[in-house]
Amino acid sequence: MIEIKMKRLVKFPPSIQPPTAEELLKNLPWLQNADKQIEFIKYRAKLLYFDYGDIVVHQGEQPRGIHLIVSGMVRLHGVKPALGTSSKGLEIDDEEDDDIPTDKDGPTFTDYRSSGAIIGELNCLTQQRMEVTVTCETVAQTCYISIDDLFEAFDVFSEYPSLEYKIWLALGIRTAVTIMLEDITYQGWAYNSICAYLVRSYIVDIEKNNKFDLYDGTVEDAFLVYGSAEDVQSQKQYDAPCYISKTTHQVLGLANINKVLVVGAGMRHFDECNGGPCPQHSSPSKSASKSARYTESYSASQMEIHTVDTTFSKLTQPSSMLFPRMEGGRLQTSTSIANVKLF
């Protein structure tokens, strides 16, 4: 028996190959099952290398792009994002307010991120200054997508489901999961149950001073994930992130950007749609402009956008991108992930 165990230890691999940048891109909630979008991003993204102690993002600077951590660990320190509202519930307007976020703007926090985490996607969407400083705790590698390339992708992939909409939906689902876990109403709900429940959700964009009807028989739950809104009847103000009470039947958008995650009532599971626009599950509404009542199917494993599933059984397929080797003990500063050679 001892000899058998020793043989097993000898055959056991000394290390397990980490996921590549391409594999991590394919597992992003807003890029899954979108081959054309993945190819577009892959040929414009770059692999950046950072040493211990290097600063990836400075607090207060304008967003320059999205960082997807491929390997290593980083530390985030700063204030939590205001999500379109100030601490007093007032709207933030970048055109009039040039204040740089500092630790004095609210309670600070420190957190850590590793492989699969995304940094800067919300700031790129809203073009708000970065609220945190990101420092490398180890040697790190990130897949960097510049904000110009991201906006170009928004223009290219503007048809349903648009890339911008899918990013908002992924952010909205993540925010709603946090709200539900902290709400006493959903105290008995398991995490997986919450994720499965939010599969039926979609994002509604409410423009400033526009009204939108809620809980009209087609809505099960609603969460304000960005911006501010007001109950037209009671004049109660909601500031993101929060749950919108079922006594609220119509809301008025107060901020420049107002995003509501709506969970449809009585909607069947979206697997039968086969990933495409389904007339039964996606009927645009004239009540909200731009991204009105779009639906998007997400499985429970796709809900956590900051932690990409790195189960090694999913990483058995060969990839056209692997980490470039070190030459002379030094790493190059950046390279396109589409041009990395296969070793």
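Residues numbered from 1 in each chain as written. Predicted model: local features only at pLDDT ≥ 70, side-chain atom pairs only at ≥ 80, totals over all residues. Heavy atoms only, no water.

Draft legend 1. Broad picture of the sheet that holds strand 9 (residues 201–205). Across the sheet, 4 strands lie side by side as 9-16-11-14; this open sheet has antiparallel pairing. In this open sheet, the two edge strands, each paired with only one partner strand, are strand 9 and strand 14 (242–243). Direction of pairing for strand 9 relative to strand 16 (residues 259–264): antiparallel, over a ladder of 5 bridges. What sits directly across from V204, in strand 16, is V260. With respect to the sheet, helix 6 (residues 163–182) is in contact with strand 9, strand 11 (219–226), strand 14 and strand 16, its orientation differing from that of strand 9 by roughly 110°. (Pairing = 2+ DSSP bridges. Helix = DSSP H or I, 4+ residues; strand = E, 2+ residues; numbered from the N terminus. Contact = heavy atoms within 4.5 Å. Axes fitted to C-alpha atoms, helices over the stretch in contact; angles between N-to-C directions.)

Draft legend 2. Representation of the nonpolar core in the model. Ranked by size, the top nonpolar core spans 66 residues in total, and within it L198, F223, I244 and L261 carry the most contacts. Per-element tally for this core: the top contributor is helix 6, with 12 residues. Dropping the residues within four chain positions of it, I244 is found in contact with L214, Y215, A222, F223, L224, Y238, V251 and V260. L48, F50, V134 and C136 belong to the second largest nonpolar core, which has 15 residues in total. (Core = buried A, V, L, I, M, F, W, Y, C linked by side-chain atoms within 4.5 Å. Buried < 20%, exposed > 50% of the residue type's maximum accessible area, 1.4 Å probe, protein only.)

Draft legend 3. Fine view of the packing of aromatic side chains. Summed over the entire model, instances satisfying the criterion amount to 7 aromatic pairs. A ring pair is formed by F151 and F154, whose centres lie 5.9 Å apart and whose planes are at 40°; its orientation type is tilted. With F151 and F154 both in helix 5 (residues 147–156), this residue pair falls 3 residues apart, about one helical turn. Residue F151 is classed as partly exposed on the basis of its relative accessible area, which comes to 25%. Summarising the aromatic geometry, the rings of Y186 and Y243 are spaced 6.4 Å apart at their centres and angled 75° between planes, so their arrangement reads as edge-to-face. With Y186 in the loop between helix 6 and helix 7 (191–197) and Y243 in strand 14, this pair connects stretches of sequence that are 57 residues apart. (Phe/Tyr/Trp six-rings, centres within 6.5 Å; stacked < 30°, edge-to-face > 60°.)

Draft legend 4. Geometry of the environment of H67. By secondary structure assignment, the location of H67 is in strand 3 (residues 65–71). On the basis of relative accessibility, which here comes to 6%, the residue H67 falls in the buried class. In this structure, the C-alpha to C-alpha distance between H67 and A117, residues 50 residues apart in sequence, is 8.2 Å. If we skip the residues at most four places from it in the chain, H67 touches L48, F50, V56, V57, A117, I118, I119, T142, C143 and Y144.

Draft legend 5. Structural view of the environment of L31. Structurally, L31 can be placed in the loop between helix 2 (21–26) and helix 3 (35–42). Residue class for L31 comes out buried when judged on its relative accessible area of 0%. Each C-alpha atom, one on L31 and one on I167, is 8.8 Å from the other, the two residues being 136 residues apart in sequence. Leaving out residues up to four positions away in the same chain, L31 has contacts with L25, Q37, I38 and L163.

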